[in-house]
Amino acid sequence: MKRALFFIHACVFARRVSHCSPVQVLSSSATTDERKEHRALATTATTTTHNNDNDNTKSSTSGILLINRRGIAGHSNNNRQQQQNQQNNSQNQMETYVGGNRARVIPSHQLTLAQTTNPLLYRKLIRKLMPGVPLSKPGERQTVALEDFMKEFQVLHVNRGAAGGMSSSSPSSSATARGGRGGDERDLLVMSKGAKLVGARKRTARFFSPTFDGSSNSTSVEGGNSDGRGGGGGGGGGGEGGDRQHHSKSMWQKYRFYAFMLGCALSFYAYRESVKETENLEKQNYTTEKEYEIENWSGTKKVVVDTFTQPETTEALEAIVRHASLRGKKIRPVGAALSPNGVAFEKEGMVSLALLDKVLHVDEEKKQVTVQPGARVSDVTEALRKYNLTLQNYASIREQQIGGFTQVGAHGTGAKIPPVDATVVRMKLITPSRGVIELGVKEGEEDKKVIDPTFEAAKVGLGSLGVASEITLQCVDAYQLKEDTFTTTPERIEKNHETWIRSYKHVRYMWIPHTDCVVVVGSNPIDSKKKKSLPGFGTVLSYLTTPNERKQNKYRTKPMIDLLKKLDKESAKKAEQENVGFGELRDLLLRIDPLNVDHVKKVNAAEAEFWKRSHGTRVDWSDQILGFDCGGQQHVLEVAFPCGTLEEKGENLVSSANAGVSHPSSLRKDLLFMRDLRKMIAENNIPAHAPIEQRWTSGSSSIMSPSHGEKDSLHSWVGIIMYLPTQVEAEREEITARFTEYGEQMRDALGDEYLLKTHWAKIELEKNMVRRSKQVERLKTAYGKENFRAFRDLRRKFDPKGVLMNELIEGLFESK
């Protein structure tokens, strides 16, 4: 761009083409005296090479280009041929060629002006012409091989003799030909950038640059006439040496008035549109708060928003997005603010979808529900219950809003169940540049398997393609689940894994770091066709003898209470009296020393004992079973990676280089990953809190889903965690720094081998620019460069001003 600006500036300044001094050519075989004489004249010579089409003569590229602060002199090996051509021509001709195209010529006074008024500009101009060529010190002559110049630039061939037909090799020809601009014809800088300017640069240069008239390619100059015009007495001065070349006006000079009027009209139109949108926005139902503070659920992200807007209707949401687009103000959509990484946070502006929480329509026949983006998962579930329908899968938290629930690619667990974005069948998207667009399967075309790339990108759009105003989800018949909870060892997991992921519809493992305990939670639907029988004697006896909930909790948490008594008797006494639950007890224990590895090992061992006392079975509706308590405030990092298909039992199963041993061929990548992760934690002495949760889903067609793949593909999700049991800011920052290091160690050790993709609600933008570049490259590799580029291009198309972006989205998708 700088190169183009230099060229345009020079072209605009040079309105008339000046006469140049005669060509000074030196043969490559010249004597030493001739070379000395030539160097003496080089300071006043013009940049000259020759290309006489009439004589079929071509300039040589093997000469030397001499550059000093006064001018540029061209050297050629065919000096004798040039002299003969100039003597035979009755008229001196000026012909300008650049690869066969018309060239633009900068008159001598432009170079002189740059040299005298701004030497830095002069040297920068030369540097732009020949990048990579070392510049001499001020006042010194600089020599550059012409063939080096030819590598990067087309050479401009100028053949224009002095008046009177004097030989260019004559010393007097240089002295007597000065004129044209009052003797300031010492230098003629010829810049040919036409061959290098392409696209907009080339058009811009042509638009602003004056062009030669029809006679510019070959202009005759009278010489040797009896009236003495242009003779040795300086006849070239003042334009008397022959016909001067005339420029026609540039396009800018011709049409600048119309361009000015057009610019005014466009500015007025933009102003009127802005006023209209402002008036329309004022009519809508919405509230706005300035300097509004918002914090995510885990307390790890907080932002004070300049403008926080809450629309009450879809029309108001559309008006807000249009208004933000016209003014170029950021307005990031936010739901329940549950995401650990604050993916929806943006300081300049945010729009809350919390009030757009209606369940719009339930189609019993198609088993589909259409909702607004602010509807909570729990509310949608209750609305579906009376139709005997439910969602296909649930994440751990049911307070998520449907907009964020789908846009970040949330998931539950089940080897044959896709993530929630795969259940989206239709959606309305409010985009900044295209307005409201409808995406997805149209009604009546459900059987047609037509893939819409835009829809596949928008299902996990991260709120950066547009704001979802309506979402239609595919549901299933409501069902109850029987859940089994038990503990086992890593060895038994490896032995029974293939059976469990097939036999349980929903299954998850909770690995307890620094122990040999793994908690298995698996559930299957109850067969509704079985005839319900009256409870037998055994069932009644079990019910009568089962301790109540308070006694059960006291029994299960006893190992944790005992440990707390050893470390903090006062807190243990209070916790025992209040019969606090498992999650609160864990926080009390970790608060004592959350980053001490030995202490964390003791806490994890007590937690393992808690789970060993929690074996059992329960039955409830699927939404009640699949949701679970995640514990207190925490840092969490979850990654997904492919691990074959359920039909495979030997393919895509590899040996781990990190483990240093060959693994059984029957072991999948999901368990190989857990082996390597547990080994990394032990070797690096990481204070890893419990649990490390592992879940599974099938593939999703959404191109930005972490489990993107074929429908029958299998993907494992693994989440590491560190709790924030204290409210002391310094301690929280220390835990945050250690968890960041923990995540980096996992990604560096295992990221490339397993093609890890971080959950979009849990990914953090690297602050270090080197690590950020590597982070982006890993994302491109994991998602596929074509998919990554397609999503980025679509984002630019729907939101060219970036009003829906924040630092995280910009850093991941717009990094250079």
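Quick caveat, the model's predicted, so the values are computed rather than measured.

A. Representation of the sheet that holds strand β25 (residues 692–698) within the structure. Taken in spatial order, the eight strands make up an open sheet running β23-β20-β22-β21-β25-β26-β24-β27, and their pairing is antiparallel. The strands lining the two open edges of the sheet, one partner per strand, are β23 (616–621) and β27 (757–758). Both strand β24 (residues 634–645) and strand β26 (residues 713–723) contribute to a ladder of ten bridges, which runs antiparallel. Bridge pairing links His635 to Met722 in β26.

B. Highlighting the environment of Arg586. Within the secondary structure, Arg586 is located in helix α19 (residues 582–592). Take Arg586: its relative accessible area is 4%, and that puts it in the buried class. For the pair formed by Arg586 and Thr557, sequence separation is 29 residues and the distance between their alpha carbons is 9.8 Å. Apart from the residues within four sequence positions on either side, Arg586 is in contact with Met560, Glu607, Cys630, Gly631, Ala690, Pro691 and Tyr723.

C. Looking closely at the nonpolar core. Of all hydrophobic cores here, the largest spans 53 residues; its most connected members are Ile402, Met704, Trp760 and Phe813. With 40 residues, the next largest nonpolar core counts Tyr504, Met674, Ile692 and Phe739 among its residues.

D. Molecular detail of the pattern of salt bridges. Counted under the stated rule, the structure contains 34 salt bridges. The partner of Glu693 in a salt bridge is Arg508, with the nearest N and O atoms 3.2 Å apart. Note that Glu693 is positioned in strand β25 and Arg508 in strand β21 (residues 506–511), a separation of 185 residues in sequence. Like Arg508, Glu693 is buried. Here Arg747 and Glu766 are joined by a salt bridge, their closest N and O atoms 3.3 Å apart.

E. Here's a closer look at helix α20 (residues 597–612). Taking 1.5 Å per residue as the helical rise, α20 with its 16 residues ought to reach 22 Å, and the 23 Å between its terminal C-alpha atoms agrees with that figure. Among the residues making up α20, those that are buried are Val597, His599, Val600, Val603, Asn604, Ala606, Glu607, Ala608, Phe610 and Trp611. On its buried face, α20 sits against β20 (480–488), β21, β22 (518–525), α16 (549–556), α17 (558–567) and α19. The residue sitting at the N-terminus of α20 and contributing the capping side-chain oxygen is Asn596; that oxygen lies 3.0 Å from the backbone nitrogen of Asp598.

F. Local environment of the side chain of Gln372. Tracing the backbone through its elements, the reader meets Gln372 in the loop between β15 (368–371) and α11 (377–385). Other than its neighbours up to four places away in sequence, Gln372 contacts Thr314, Leu356, Asp357, Lys358, Leu360, Ile402 and Ser469.

G. Just the packing of aromatic side chains, in detail. Tallying each qualifying case throughout the model produces 15 aromatic pairs. Relative to Trp611, the ring of Phe582 has its centre 5.8 Å away and its plane inclined at 70°; by these criteria the two rings are edge-to-face. Here Phe582, found in helix α19, pairs with Trp611, found in helix α20; they are 29 residues apart in sequence, far enough to count as distant. On the basis of relative accessible area, Phe582 is assigned to the buried category, the value being 15%. Take Trp611: its relative accessible area is 15%, and that puts it in the buried class. One aromatic cluster in this structure is built from Trp760, Tyr783, Phe788, Phe791 and Phe813. The ring centre of Tyr479 lies 4.3 Å from the NZ or CZ of Lys505, which sits over that ring. We note Arg613 situated over the ring of Tyr555; from NZ or CZ to the ring centre the distance is 4.7 Å.

The rules behind each value
- Residues numbered from 1 in each chain as written.
- Predicted model: local features only at pLDDT ≥ 70, side-chain atom pairs only at ≥ 80, totals over all residues.
- Heavy atoms only, no water.
- Pairing = 2+ DSSP bridges.
- Helix = DSSP H or I, 4+ residues; strand = E, 2+ residues; numbered from the N terminus.
- Buried < 20%, exposed > 50% of the residue type's maximum accessible area, 1.4 Å probe, protein only.
- Contact = heavy atoms within 4.5 Å.
- Core = buried A, V, L, I, M, F, W, Y, C linked by side-chain atoms within 4.5 Å.
- Salt bridge = Lys/Arg side-chain N within 4 Å of Asp/Glu carboxyl O.
- Expected span 1.5 Å × (residues − 1).
- Polar contact = N/O pair within 3.5 Å; in protein donor to acceptor, adjacent residues only side chain to side chain.
- Phe/Tyr/Trp six-rings, centres within 6.5 Å; stacked < 30°, edge-to-face > 60°.
- Lys NZ or Arg CZ within 6 Å of the ring centre and 35° of its normal.

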